[in-house]
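# Coordinate analysis (summary)
Given next are the chains, with one letter for each unit.
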Amino acid sequence: MSQIKIVDINDKKYIIEPFKGRKGFKLKTKLMRVISPALNEMRKAADEDVSELGLIVTAIQSVLENSEDDEIFAIVEELMTGVKTESGSLDFDLEFSQNYSTLYKLIKEVVEVNYNDVFSLLGMNVG
């Protein structure tokens, strides 16, 4: 059973609705293709006892080096289709203009809501 999650980010509430099966699976495939190299780099960095911030920077660098900008944006935009505000649908351009930290936090929350079971099977905690 799908559970809606409400998160408070930068003093604003966001409602995250889990993806339905087909959409979630298709998006997971695209997402894994983009983040797999980053996960490998993060594992290497973790073995070298890199800080949490260092792991995040490593992951971002890997994603940017191994993916096209349009591909990354399309995935992020699709991830946000499951997010609403208290007043209704989310307008990407208005919501995230000069507010990218909220976008990054929402990406993490959406991935956690939809794919935490997969990461748990892999022995990774994204929560």
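Whatever comes next refers back to the structure up there.
First, a word on what this report is: a plain description of the structure on this page. In this convention, every chain numbers its residues from 1, walking through the sequence in written order. Two thresholds apply to this predicted model, a pLDDT of at least 70 for residue-level local features and 80 or more for giving and counting side-chain atom pairs, whereas whole-chain, interface and lining totals are computed over all residues. Hydrogens are left out, water is left out, and the side-chain values use all remaining heavy atoms of the structure.

Most often, soluble globular proteins keep nonpolar side chains buried together rather than apart. Formed by 29 residues in total, the largest nonpolar core has its most connected members in Leu 79, Met 80, Val 83 and Leu 106. At the level of secondary structure, the elements contributing two or more residues to this core comprise strand S1 (5-9), strand S2 (12-16), helix H1 (21-47), helix H2 (52-66), helix H3 (69-79), helix H4 (92-96) and helix H5 (100-121). Numbering of helices and strands starts at the N terminus; helices are DSSP runs of H or I of at least 4 residues and strands are runs of E of at least 2. Counting residues per element, this core draws most heavily on H1, which supplies seven residues. Once residues lying within four places of it in the same chain are set aside, the contact partners of Leu 106 are Val 7, Ile 9, Tyr 14, Ile 16, Met 80, Val 83 and Phe 96. Here the nonpolar core consists of buried residues drawn from Ala, Val, Leu, Ile, Met, Phe, Trp, Tyr and Cys, with membership extended through side-chain atoms lying within 4.5 Å. Burial here depends on accessible area, computed with a 1.4 Å probe over protein chains only, as a share of the maximum for the residue type. Under 20% is buried, over 50% is exposed, and the range in between is partly exposed. Contact between two residues is taken to exist if any of their heavy atoms lie within 4.5 Å; hydrogens are not considered.

Here S1 runs beside S2; their pairing, made up of five bridges, is antiparallel. Each residue of the ladder has a partner; that of Val 7, found in S2, is Tyr 14. Criterion used throughout: strands pair if DSSP finds at least two bridges between them.

Our next topic: the environment of Thr 58. Summarising the element assignment, Thr 58 is placed in helix H2. Those residues in contact with Thr 58, other than ones at most four positions away along the chain, are Glu 41, Met 42 and Ala 45.

To continue, consider H3. Among the residues of H3, Ile 72, Ile 75, Val 76 and Leu 79 are the ones counted as buried. All buried residues of H3 fall inside an arc of 95° around its axis, so they share one side. Along the arc lie the directions from the helix axis toward the C-beta atoms.

A separate point is the pattern of salt bridges. Take a side-chain nitrogen of Lys or Arg and a carboxyl oxygen of Asp or Glu: if they are within 4 Å of each other, that pair is a salt bridge. Under the criterion given, the structure shown has seven salt bridges. With a shortest N-O distance of 2.8 Å, Glu 109 and Lys 5 are connected by a salt bridge. With a gap of 104 residues between them, Glu 109 in helix H5 and Lys 5 in strand S1 connect regions that are remote in the sequence. Between Asp 8 and Lys 13 there is a salt bridge; the shortest N-O distance is 3.5 Å.

On to the environment of Leu 106. Tracing the backbone through its elements, the reader meets Leu 106 in helix H5. Leu 106 gets classed as buried once you look at its relative accessible area, which sits at 0%. Taking the C-alpha atoms as reference points, Leu 106 and Val 7, separated by 99 residues in sequence, lie 8.5 Å from one another.

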